[in-house]
Amino acid sequence: MEESHPVKETVDKVIDTVAGAVSGGGPSGTVPGRPGSESPSLDEPTEPREPPAPKPDQSGPQAFTATGQAADVPPAARAQGGEYLTTAQGLRLVDTDHSLKAGPRGPVLLQDHHLREKIMHFDHERIPERVVHARGAAAHGVFRAYGTASTVTKAAFLAKDVETPIFLRFSSVLGSRGSADTVRDTRGFATKFYTGEGVFDLVGNNIPVFFIQDAIKFPDVIHAGKPHPDREIPQAQSAHDTFWDFVSLHTEATHHTLWNMSDRGIPRSYRTMEGFGVHTFRLVDAAGATTLVKFHWKPKAGVHSLLWEEAQLINGMDPDFHRRDLADAIEAGAYPQWELGIQVFPDTPEQTFEGIDLLDPTKIVPEELAPVQPVGLLTLNANPVNYFAETEQVAFHPGHLVPGIDVTDDPLLAGRLFSYLDTQITRLGGPNFAQIPINRTHAPVNDMLRDGFHQTAVHSGVAPYKPNSLDGGCPFFAGQQEGGYRETPVQVPAAGKVREAPASFADHFSQPRQFWLSLTPVEREHVIAAYTFELGKVYEQAIKERTLRVLAEIDPYLCEQVAQGLGLPAPKSAGPLPSVEPSPALSQLGRTWPTTGRIIGIVADDSSDLQAVRAVRQQVLDGGMVPLVISAAGGLLGADSSDPVTVQRTFATARSVEFDALLLAGAPAPGKDAYGARDAKAGNGTPAGALTDPRVLLMLSEAFRHAKPLGGWANAEQALTAAGIDTAAPGVLVADSGEAALQEVVRLLGQHRVWERFPTAADIV
Ligand code: HEM
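Residues numbered from 1 in each chain as written. Predicted model: local features only at pLDDT ≥ 70, side-chain atom pairs only at ≥ 80, totals over all residues. Heavy atoms only, no water.

Caption draft 1: Geometry of the packing of aromatic side chains. Going through the model one piece at a time under the given rule, you end up with 24 aromatic pairs. When the centroid spacing of 5.2 Å and the interplanar angle of 90° are considered together, the rings of Phe243 and Trp244 count as edge-to-face. The exposure class of Phe243 is buried, given its relative accessible area of 4%. The class for Trp244 is buried, based on a relative accessible area of 1%. Between Trp259 and Phe276, the aromatic rings sit 6.3 Å apart at their centres with planes inclined by 80°, giving edge-to-face as the arrangement. Of this pair, Trp259 sits in helix H5 (residues 254-261) while Phe276 sits in strand E5 (residues 275-276), and the two are 17 residues apart along the sequence. Under the relative-accessibility criterion, Trp259 is labelled buried at 1%. Taking the relative accessible area as the measure of exposure, Phe276 reaches 6% and is therefore buried. Three or more aromatic residues link up through ring pairs in this structure, and these residues are Phe143, Phe157, Phe170, Phe189, Phe193, Phe200, Tyr270, Phe281, Phe295, Trp297 and Trp338. Here the basic side chain of Arg184 rests over the ring of Trp308, its NZ or CZ set 5.0 Å away from the ring centre. Lying over the aromatic face of Phe477, Lys466 brings its terminal NZ or CZ to 4.8 Å of the ring centre. (Phe/Tyr/Trp six-rings, centres within 6.5 Å; stacked < 30°, edge-to-face > 60°. Buried < 20%, exposed > 50% of the residue type's maximum accessible area, 1.4 Å probe, protein only. Helix = DSSP H or I, 4+ residues; strand = E, 2+ residues; numbered from the N terminus. Lys NZ or Arg CZ within 6 Å of the ring centre and 35° of its normal.)

Structure below.
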């Protein structure tokens, strides 16, 4: 496998950017998340000047015209300019604090053009949110092809060493635009490749299968998953009656639902998710030979998830957790990377592989049967400059294809090919959304489409029709040599028109059973807990009982355990369960991953050995991770020293769920605010003689419960013991030095959690 943008470069960049910031000293300059590119003055600035530049980690869409021609202006030329406040017409203004009135106490005058313009624009700032996937976050990046796909496709962007700018939007599906990030849900993984042959969109999810086999059921599954129409609750989750009512009756949803109930439904980070194109696509090579493929994105950082308790705590503590994590990582220079890979199948008339129907989007092809072959590396390297302009207005569409990539007759894909264009008419207000800067292609456009709302191209000529002679016959048809897109002339079997699915689509349970059997015991425990939680929130017993019948078709143990939690009898399966081979590649556990970009909390106070804290913080940075120092109050530790340590979190603002691992530089004394009336996390206050802040004890016990690595030195043992933690437990290390503690913590972090701390039920099968 070829490495082009080595992780080393990334790590070096992390060290440069974060280390520079950390040594900067000021509390705002130490961690990612600084709001602007300049530190503000204490008093309001009064000297006219040009607007500040975007932050160094930010980049807008590249400058192309509405007709796909490279514009010779810096991207920043799209931003506001000039030193003075103006109207939208560029008229300079002297005041924006007062309406024009007939005297200071008099009525406001209708002639106030500035008031009218300002309020008119504000009144129309909102646009409809996406009908699904409303909540999301995105970043710019680059895709570099290995050239390995050139044997099966002529797509120019997949040729060796070709670099293509991309924009990638992650999302959750069910919640509204303002919903919390760490809900249990599928995540969108939509990538826009700005290729020289036009835009290619790979609009996938972090789950390789879908709830339905035919797009005509999409409104049904989404209506069932969205909040109940009467009370409009619950928000952004599937733990409610309508969802389970639908999926228990419509059993083709079983496979996707099982993935949602697994750890895949609560990813740790967008950076640690796999992505899947879901459908089978058809690749075409230069000679016209075709191959069927499934697309996969494999994160370099590994596939990690939250625990359900963590996810719930985070939803309250930091509802923007995933969005912040993505932006912070990029700002810190820990650029997230994914390898794009393909599973390759012969394009046969049956369109099946090893008996698996490739047109059924509720089925996977196990990687053990068809390995994922890497074809390129994607690196996210810049945050958007403006959320609305870029992340909100980006419009993906599975029908944005390039020569060498074609669709198949998957009936779910067919409906998507209609839906994604259609929905933009309402969401983006007309048919010209392709001209919005983030959607502009980097290939010349001569489309004969004209006029419409928000037309920003200024078309010339008089003959936007074909054939014509008045515009010299322009535009002309491209042959294949000129990159003309030609649909593959696939033979369609002779048949009558029917509203029916193929017989193979009726198998709803063999792959759910395979998924269940492929998980490790602790992953199965999580699945049992998730079903029990979700069904525990369902009101109607009939729906719970019906779902148990579905679970009985997956596995008797799963069904029994969930039934036990619900206090209901466990039904038996209708017949013998399908005999399937597990696919170990479906489990997230058992491998070791890089720790780049992980968050290490360092708990310290003025009594800590600050020399050691500095050294550990530097080593964390050297390892490409982000150190956050946590103490009783903000500001600086060792403020009088020549090299003070900046505090990024306080015991009042921090919660264990923010960190992947914790290091204790001793046992920090109770802060002055460590009493329940001020901070309920401190409980009933600090008992007389207590040596450690009770919020640190809470943080430690939570982190321990969540199987996070814990390390410490100096008198850390005292704090750990006070938190009720056995210092001999797996993944707890009290060392002689900060360096030794860190080393062990990082080693453990490679497996994400200390899984030994979760003994599973003895009888789990
Ligand atoms: C394999 C199945 C599917 C996958 C992987 C998928 C994936 C996605 C993703 C990732 C997005 C968010 C795009 C963004 O970030 O802006 C999205 C949005 C959307 N999807 Fe799907 N989807 C699937 C099925 C469907 C179906 C069957 C329909 C309709 C028939 C549909 C209609 C929509 C619509 C209308 C949006 C909102 C688009 C917008 O407003 O920009 N999806 N989908």
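The discussion continues.
Caption draft 2: Looking closely at the coordination of the iron atom of the ligand. Counting protein donors to the iron atom of the ligand gives just one, Tyr420 (OH), placed at 1.9 Å. Topologically, Tyr420 is positioned in helix H9 (residues 411-427). (Donors = N, O, S within 2.8 Å, 3.2 Å for Na, K, Ca; no water.)

Caption draft 3: Just the packing of helix H11 (residues 521-536) against helix H13 (residues 556-566), in detail. H13 packs onto H11 with a crossing angle of 40° between their chain directions and a minimal axis gap of 9 Å. Overall, the two elements H11 and H13 adopt an arrangement that is oblique. Here H11 runs over H13; the crossing is right-handed. Where H11 approaches H13, its residues Val527, Ile528, Tyr531, Thr532, Leu535 and Gly536 are matched on the opposing element by Tyr557, Leu558, Gln561, Val562, Gly565 and Leu566. Residue composition of the contact of H11 with H13, grouped by class: eight nonpolar, four polar and no charged. (Axes fitted to C-alpha atoms, helices over the stretch in contact; angles between N-to-C directions. Parallel < 35°, antiparallel > 145°, perpendicular 65-115°, else oblique. Left-handed = near helix turned anticlockwise from the far one by under 90°. Contact = heavy atoms within 4.5 Å. Nonpolar A, V, L, I, M, F, W, Y, C, P; charged D, E, K, R; others polar.)

Caption draft 4: Region of the structure containing the site of the ligand. If you check the shell around the ligand, you find 24 residues, and the closest are Arg130, Arg169, Tyr420, Gln424 and Arg427. Arg169 is positioned such that a nitrogen or oxygen atom in its side chain is 2.6 Å from an oxygen atom of the ligand. At seven residues, the largest contribution of residues to the shell around the ligand is made by H9. Grouping the amino acids of the shell around the ligand by side-chain chemistry returns twelve nonpolar, eight polar and four charged. (Near = heavy atom within 4 Å. Polar contact = N/O pair within 3.5 Å; in protein donor to acceptor, adjacent residues only side chain to side chain.)

Caption draft 5: Just the side chain of Thr391, in detail. By the secondary structure assignment, Thr391 is in helix H8 (residues 387-392). The buried category is assigned to Thr391, whose relative accessible area is 1%. Aside from chain neighbours lying at most four places away, what touches Thr391 is Arg130, Gly136, Ala137, Ala138, Phe167, Arg169, Pro384 and Asn386.

Caption draft 6: Fine view of the sheet that holds strand E20 (residues 732-734). Across the sheet, six strands lie side by side as E17-E14-E13-E18-E19-E20; this open sheet has parallel pairing. Edge strands, defined here as strands with exactly one partner in the open sheet, are strand E17 (649-650) and E20. Pairing between strand E13 (residues 599-603) and strand E18 (residues 661-665): four bridges, direction parallel. Its bridge partner lying in E18, Ile600 is registered against Ala661. (Pairing = 2+ DSSP bridges.)

Remember that the coordinates give geometry; whether it matters functionally is a separate question.
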